[in-house]
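Examining the three-dimensional arrangement
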Amino acid sequence: MKKSILTAILLMCFTLNAVAQTKAEASKALIENLIKEKKVVGVSASYAVNGEIQWASAAGFADKEKKSEFTIDTEVRTASIAKSMTAIAVMQLVEQGLVDINLPIDTYIPEFVQKGKTKITTKHLLSHTSGIDAYKNLKEIESKVNYETLLDAYDVFKNRKLRFEPGTEFYYTSYGYVILGILIEKVSGLSFEAYMQKHIWDKANMTNTGIEKPQIKRQHTASLYSRDRKDRLKNIEANNLSNRIPAGGFYSTASDLVKFGNALLDNTLVSEATIKLMTTHHSLEKVNNSYGFGFYLYGKRPNEGGIYGHNGAQTGTSTQLFIIPSRKTVVAVISNTSRAGREVSTVAGELCNIFNQKDE
């Protein structure tokens, strides 16, 4: 090989490495700023293109009092990103012909109490148009009760009045997804946890994801913090998530969430046609913040499914997952601090911008 050609190749490789380094440094600075500005106690983020993780990093503390660093292996509550995984599980059963989303949900769950003139269907539950109410009060949000089964959790709200006739409005509620968890158990014959492990987490190679259980102390779990109204960061007590497991009872890492996104993009979990259906606007035209089945649709009309994903806001956590099909891109940012959703979602969006920049 001529020296001039070799020199050019070496120079190009150096330039590409420098660009990659610059992007990594810029990305690292974003999450470090969340710590410096005291927006969160600990944070990690991960980014993938074409199924490969391009970058992952962490900053801050998993436990500030013990000075334990937050790492890329630190597990936090996913909060409502759990809804996306539960929705995918339901649609797997739909693909197998075991569930018809347009049939009344009591077709599959005899214990379900239908209260409206229009019967609630799986489609209503997936799209938050069922009319089922949300948490009644702070006591339910910060529940200390441990519910042994999903049916026990359903007992809390099963006799409450609907907010509206099913299918006529959009109202976001975690309780609707508790019912979807029961549906999965009834149809599959497996416990909700066993189904998710076998058909979602194992298939997506998510080795650091599971259901949070108060009685089990995990090695890499993060302590929980929150920002108060004066922006002070304080350690807080964990609530019990057993009243909402399919809707917000999981733990995971940023890299595992990216693996979940990758498994959607390469159709490991469900088909391309199913993803298209799930990322179609099902939350009624008058709703500005579009919702499909288990996913928020962040793209502008008419390309609402151009970017999809979910955020999570819960006691001791703020999370964001973005999936951009056209670029085969997935980004996740997670933190062990509640009341930081805006900042976490903003960083996730800025990471998309950084890594989508063309190399000069």
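Our subject in this report is the structure included herewith. (Residues numbered from 1 in each chain as written. Predicted model: local features only at pLDDT ≥ 70, side-chain atom pairs only at ≥ 80, totals over all residues. Heavy atoms only, no water.)

So, about the pattern of salt bridges. Applying the stated criterion to the full structure yields 15 salt bridges. Between E140 and R160 there is a salt bridge, and its shortest N-O distance comes to 2.3 Å. One end of the pair, E140, is in helix 4 (residues 138–141); the other, R160, is in the loop between helix 5 (150–154) and helix 6 (175–188), with 20 residues separating them in the sequence. A residue is classified by how much of its surface remains accessible, and E140, at 11% relative accessible area, is buried. Judged by its relative accessible area of 24%, R160 falls in the partly exposed class. Between E343 and R227 there is a salt bridge; the shortest N-O distance is 3.3 Å. Of this pair, E343 sits in helix 11 (residues 341–356) while R227 sits in strand 6 (residues 225–227), and the two are 116 residues apart along the sequence. (Salt bridge = Lys/Arg side-chain N within 4 Å of Asp/Glu carboxyl O. Helix = DSSP H or I, 4+ residues; strand = E, 2+ residues; numbered from the N terminus. Buried < 20%, exposed > 50% of the residue type's maximum accessible area, 1.4 Å probe, protein only.)

Each strand in a sheet pairs with its neighbour through backbone hydrogen bonds, running either in the same direction (parallel) or in the opposite one (antiparallel). Pairing is mixed in the open sheet, where three strands are placed in the order 7-6-13. In this open sheet, the two edge strands, each paired with only one partner strand, are strand 7 (233–235) and strand 13 (337–338). Pairing of strand 6 with strand 7 involves three bridges; the strand directions are antiparallel. For Y225, the partnering residue across the bridge sits in strand 7 and is N235. (Pairing = 2+ DSSP bridges.)

Positive phi is not limited to glycine here, since K38 has a value of about 60°. For K38, the position within the fold is in the loop between helix 1 (3–36) and strand 1 (42–49). Judged by its relative accessible area of 57%, K38 is exposed. A positive phi angle, near 60°, is found at N205, a position not held by glycine. Structurally, the position occupied by N205 is in the loop between helix 7 (192–201) and strand 5 (210–211). For N205, a relative accessible area of 47% translates into the label partly exposed.

We now examine the packing of helix 2 (residues 81–95) against helix 7. Here helix 2 crosses helix 7 at 85°, and the two axes come no closer than 10 Å. Between helix 2 and helix 7, the crossing angle belongs to the class labelled roughly perpendicular. Across the interface between the two elements, M85, T86, I88, A89, Q92 and L93 from helix 2 touch F192, Y195, M196, H199, I200 and W201 from helix 7. Residue classes in the contact of helix 2 with helix 7 are distributed as nine nonpolar, three polar and no charged. (Axes fitted to C-alpha atoms, helices over the stretch in contact; angles between N-to-C directions. Parallel < 35°, antiparallel > 145°, perpendicular 65-115°, else oblique. Contact = heavy atoms within 4.5 Å. Nonpolar A, V, L, I, M, F, W, Y, C, P; charged D, E, K, R; others polar.)

On to the sheet that holds strand 5, then. One open sheet holds the three strands; their spatial order is 4-8-5, and the pairing between them is antiparallel. Looking at which strands have only one partner, the edges of the open sheet turn out to be strand 4 (76–77) and strand 5. In the sheet, strand 4 pairs with strand 8 (residues 250–252) via two bridges, with the strands oriented antiparallel. Note on strand 8: the bridge partner recorded for R77 is Y251.

This part takes up the environment of G309. Along the chain, the position of G309 falls in strand 10 (residues 308–314). As for G309 and N205, which are separated by 104 residues in sequence, their C-alpha atoms are 19 Å apart. The contact partners of G309, leaving out residues within four places of it in the chain, are F295, Y296, Y298 and L321.

Now for the pairing of strand 10. Strand 10 sits mainly inside the fold: five of its seven residues count as buried. Summarising the sheet, strand 9 (residues 296–297) and strand 10 pair through two bridges and their orientation is antiparallel. Considered in strand 10, the bridge of Y296 is made with G309. Pairing analysis gives seven bridges linking strand 10 to strand 11 (residues 317–324), with the strands arranged antiparallel.

One can find Q92 in helix 2. Relative accessible area serves as the criterion here: at 4%, Q92 is assigned to the buried category. Among the polar contacts made by the side chain of Q92, one reaches the main-chain carbonyl oxygen of H199 at a distance of 3.1 Å. Apart from the residues lying within four places of it in its own chain, the contact partners of Q92 are Y195, H199, I200, L269 and V270. (Polar contact = N/O pair within 3.5 Å; in protein donor to acceptor, adjacent residues only side chain to side chain.)

In total, this model carries 15 aromatic pairs according to the counting rule given. Residues Y47 and F355 carry aromatic rings whose centres are separated by 4.2 Å and whose planes lie at 25° to one another, so their mutual orientation is stacked. Remark: F355 occurs in helix 11 and Y47 occurs in strand 1; sequence separation between them is 308 residues. Note on accessibility: Y47 and F355 belong to one class, buried. Measuring from centroid to centroid gives 6.1 Å for F170 and Y291, while their planes differ by 45°, and the two rings are tilted. (Phe/Tyr/Trp six-rings, centres within 6.5 Å; stacked < 30°, edge-to-face > 60°.)

On to helix 6. The first and last C-alpha atoms of helix 6 sit 20 Å apart over 14 residues, in line with the 20 Å expected at 1.5 Å per residue. When you tally the buried positions in helix 6, you get ten out of 14 residues, the bulk of the element. Restricting attention to buried positions, one finds in helix 6 the residues Y175, G176, Y177, V178, I179, L180, G181, I182, L183 and I184. Summarising the contacts, the buried residues of helix 6 are in contact with helix 2, helix 3 (122–126), helix 4, helix 5, helix 7 and helix 8 (245–248). Positive phi appears at G189, one or two residues downstream of helix 6, with a value of about 80°. (Expected span 1.5 Å × (residues − 1).)

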